[in-house]
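Observations on chain architecture
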Amino acid sequence: LHSHSRDVGMFSRAVAHTPKVHQKSATKQLLCPRNCLMGDPFHEKEEREGIRWNWNAYPSTKDQANSMVLPLALLFTPLKVKSANLPTLQYEPTMCKGCKAVLNPHCRVDWTSKLWICPFCLTRNQLPTQYAEVTQQNYPQELFPNSTTVEYVMKRPSAGPPVYFFCIDTSVPMEELESLKDSIVQSFSLLPEDALVGVITFGSMVTVWELGFNELHKSYLFGGHKEYPIEQVAEYLQVQFTTGGMVRANPSESGLIGRFLVPLSECELNLTSIIEELTPDPWEKKYDERPMHCTGSALDVSLKMLQLSGLHSGGRVILFAGGAITKGPGLIVSRDLNENIRSHNDIKTDQAPFYAAACTFYEGLAERFVSSGFACDIFAGCLDQVGIAEMSCCCKRTGGFLMMVDTFKTPVFKSTYRRFFAQGEEDLNTVYNATLEVQTSRGTKVVGIIGACSSLQKASASVSEEVEVGQARTCAWQMSTLTERTTFGVYFDTCGVAQEGQERYVQFITSYQTPEGKHLLRVTTIAHRISPGGEPQHHVGNNVFDQDAAAVLVARQAVDMLEKNSNNVNEVMRWIDRTVINLVRHFGKYQPDEPASLRLESDFTLFPIFMYHLRRSEFLQIFNSSPDETTFFRATLIRESCSNGIIMIQPTLHSYSFHGPPQAVLLDSNSVLADNILLLDTFFDVMVHHGMTIAAWCQQKYHEMPEHEGFKQLLQAPKIDAEKLMHDRFPYPKYTECNQNGSQARILLNRLNPSVSYTSQQYGQHAGQVVLTDDANLQTFM
């Protein structure tokens, strides 16, 4: 077996290196993954600034921009660069008096009169007094040419430690609850010692545990059948509440701190004892009834307790849901097992009686989460639906995490949950109470943002009034929590006139609070080249068009359109097809009425292939998927980075055989051979697929014989690479091993291009895998 060494970065897509690629002959090249090398300028810029443009040069006028087909947009990861690698300034930022943009390397400075000109609004500003000694030879750090991203330490009082409020579903089987309790108890060792923790359990009723009472386990019960007013919650829990619904200025006076929200260092023994002694919900149920889960009521009570506490330090409500919501506000189905949980078709045809009311309830809950500054995280562990389709807005609008697994006993949940709190190299660098503001120079407007955030409804000269994408008509957004992996898609519109060689400027101002309570302000300012026109010659070559970023941005926009248009998949499919056709028409070379004459430059060959796989992905294809599954997939797409997003759209496939070293192969049915092993990575699943001959050899146990040591190494190679993939993946993917024609092989066949199917002329005469589908293959699509 040939030796090999690779890293996770190798799993991007292959780019053809010839200047002209024939449309048919290029198909195989287009499907292959390409190495994500550090020499890639797109990757280098992303590592340096956390930004990937779809177009790295773009015209400035409206008419020219329309000819580009795809609007100007970028993927931005605010915390991509770690704070330790950034210039840290121990003073307040200097802001423009006109547009409030921050002083940056692109500002023009008059050193004699100590004036600086804002590149965004062209306002002349006086430098503050602390810059009196600044000269052209000795200027501040934020004006250094390489200081495109700097971080300011804001002089504000410490916000205090974060809050972790555990909301645990006990209406689950005993073995399921035992596994969940074990994971939760282990996570306590990963929390900061000064973190405030609280616990609510629920099933048929909501139980609030008083962690500060150490003599015995003391709790308060809520019926769970209704939404309790905040005054009533305060009365039941015997805590202070001011007239008119306003909490006291001093959180310690509320009566919650020290009783229901207690520092971990003071209650860890009592907290661990309460969790370990939890038992399944005792309420009896008939054989034809579902268990009672008052999830909505539990979330409502937990949030109202946080509102009563008066805390502004940020934190999260962590919900563990083990079944469908069948009681109280936000229920999605009745207890009668004869009634099916809503499907996509039920929602589309208004046959889901609880759906609209549940969505309204959770939208109101999400609004309160946002205004309180707390995030909502949902871990759903159930083979059936639990209500993620309705509850997901609480995660999306606060930046919270959403995870769906079959059971809490799986390695997928255990590894993901451990990584959720991990420190050291696996730390997600979670921060709280974050806001993101965008400033643009004249002629460029913010159309909107697609990501896990909530609009602050802040108007400015940078906001477009004509076009809307995602959360629009604002230049500022709020996230209750933010990690180093959270990525946003920001879309722009052009409405100005500029000469060739000029640049447009975009500034991202991210403020956030660290777990230690410090307030930081991160400023990223970038210059973007303006092209002289919309003609193809200005955008072909020279690393202008980033196909990966463009595909991910289109996918985010498609998901946003589906959520706004009641899952009208056909309309979104037609929009994607029109986008591909118009892009190829503008940038391709062809003879009219001669399809074989089509030529695409290497910069554009991959994009149509990405769109083909996007059309067949779980983000658009809702057949055989539940609303909860579809919501989970889409929510993950809109928060992940470009590299992860492109793997979700077009999975990677690698082949292992005795014919040569491991290599990237086509995501095609012809790649499935009897004598090879395939490693598939779809981001959510990592699969090792054995061909029929390999499976037969394993059944004969050849790998256990000393004379077949090479075969043993061949079997181990994809498993080792799969472990490397899963080690850094968050959320942790599901790992599967299967044999050709086995039941689990459907995961692989579902993502392959069906170049050979039962409708093909080569049916029965081809060495590859035959895929039984009516879907058009890539060759037909192209």
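This section reports on the structure supplied with the text. (Residues numbered from 1 in each chain as written. Predicted model: local features only at pLDDT ≥ 70, side-chain atom pairs only at ≥ 80, totals over all residues. Heavy atoms only, no water.)

Considering the packing of helix 10 (residues 388-396) against helix 15 (residues 627-637)
Two packed helices can be described by the angle between their axes and the distance between those axes. Formally: For helices, the fitted line uses only the C-alpha atoms of the stretch in contact; every axis is such a line through C-alpha atoms, and the angle between N-to-C directions lies from 0 to 180 degrees. Each helix is a run of DSSP H or I of at least 4 residues and each strand a run of E of at least 2, with the numbering of both proceeding from the N terminus. Here roughly perpendicular refers to angles of 65 to 115 degrees, roughly parallel to angles under 35, roughly antiparallel to angles over 145, and oblique to all remaining angles. What makes two residues a contact is simply this: any of their non-hydrogen atoms within 4.5 Å. Side-chain classes follow a simple rule in which Ala, Val, Leu, Ile, Met, Phe, Trp, Tyr, Cys and Pro form the nonpolar group, Asp, Glu, Lys and Arg form the charged group, and the remainder, Gly included, forms the polar group.
Packing of helix 10 against helix 15 leaves a shortest axis separation of 9 Å and a crossing angle of 20°. Comparing their axes, helix 15 and helix 10 come out roughly parallel. Between helix 10 and helix 15, the residues in contact are Ile388, Ala389, Ser392 and Lys396 and Pro627, Asp628, Thr631 and Ala635, respectively. A class-by-class count of the residues in the contact of helix 10 with helix 15 yields four nonpolar, two polar and two charged.

Points about helix 9 (residues 355-372)
Definition in use: Any helix carries an expected span of 1.5 Å times its number of residues minus one. Three exposure classes are used, based on accessible area relative to the maximum for each residue type with a 1.4 Å probe and protein chains only: buried under 20%, partly exposed in between, and exposed over 50%.
With 18 residues, helix 9 should cover 26 Å at 1.5 Å per step; its first-to-last C-alpha distance of 26 Å lies within 8% of that length. Of all the residues in helix 9, the buried ones are Ala358, Cys359, Phe361, Tyr362, Leu365, Ala366, Arg368, Phe369, Val370 and Ser372. In this structure, the buried side of helix 9 is in contact with helix 7 (295-309), strand 15 (315-321), strand 16 (374-381), helix 10, strand 20 (454-455) and strand 21 (476-482).

Structural notes on the environment of Pro706
Position of Pro706 among the secondary structure elements: in the loop between helix 17 (692-699) and helix 18 (709-727). Sequence separation between Pro706 and Met561 is 145 residues, and the spatial gap between their C-alpha atoms is 58 Å.

Focus on helix 10
Note on helix geometry: an α-helix contains 3.6 residues per turn, so any two residues three or four positions apart are oriented the same way. For helix 10, a buried count of nine out of nine residues is recorded, marking the element as mostly surrounded by other parts of the structure. Taken together, the buried positions of helix 10 are occupied by Ile388, Ala389, Glu390, Met391, Ser392, Cys393, Cys394, Cys395 and Lys396.

Observations regarding the side chain of Arg259
Here is the rule: Think of a polar contact as two N or O atoms within 3.5 Å of one another; within protein, one of them needs to be a possible hydrogen donor and the other a possible acceptor, and neighboring residues in sequence only count if both atoms come from side chains.
With respect to the helices and strands, the residue Arg259 is situated in the loop between helix 5 (230-237) and strand 14 (262-263). A distance of 3.3 Å separates the side chain of Arg259 from the side chain of Glu210, its partner in a polar contact. Polar side-chain contacts of Arg259 include one of 3.0 Å to the side chain of Tyr220. Apart from the residues within four sequence positions on either side, Arg259 is in contact with Glu210, Leu211, Gly212, Tyr220, Leu237, Gln238 and Val239.

Points about the pairing of strand 16
Under the convention used in this document: Here, any two strands with at least 2 DSSP bridges between them count as paired. Whether a crossover is right-handed comes down to one check: with the strands pointing away from the viewer, does the path from the first strand over the helix to the second run clockwise; if it does, it is right-handed.
With respect to burial, strand 16 is a largely interior element, eight of its eight residues being buried. Pairing of strand 15 with strand 16 involves seven bridges; the strand directions are parallel. Its bridge partner lying in strand 16, Leu319 is registered against Ile378. Inspection of the sheet shows strand 16 paired to strand 17 (residues 402-405) by four bridges, in the parallel sense. Of the residues in strand 17, the one forming a bridge with Phe379 is Met403. For the handedness criterion, the β-α-β arrangement of strand 16, helix 10 and strand 17 is classed as right-handed.

Quick word on the pairing of strand 26 (residues 594-601)
Looking down a regular strand, the side chains alternate between one sheet face and the other. One ladder, built from two bridges, connects strand 25 (residues 589-591) with strand 26; its direction is antiparallel. Bridging from a neighbouring strand, Lys589 pairs with Arg599 of strand 26. The antiparallel hairpin formed by strand 25 and strand 26 contains two residues in its connecting segment, where Asp593 sits at a positive phi of about 65°.

A closer look at the side chain of Asp377
Relative to the helices and strands, Asp377 resides in strand 16. On the basis of relative accessibility, which here comes to 0%, the residue Asp377 falls in the buried class. In this structure Asp377 touches Arg316, Val317, Ile318, Leu319, Cys395, Gly400, Phe401 and Phe420, once residues within four positions along its chain are discounted.

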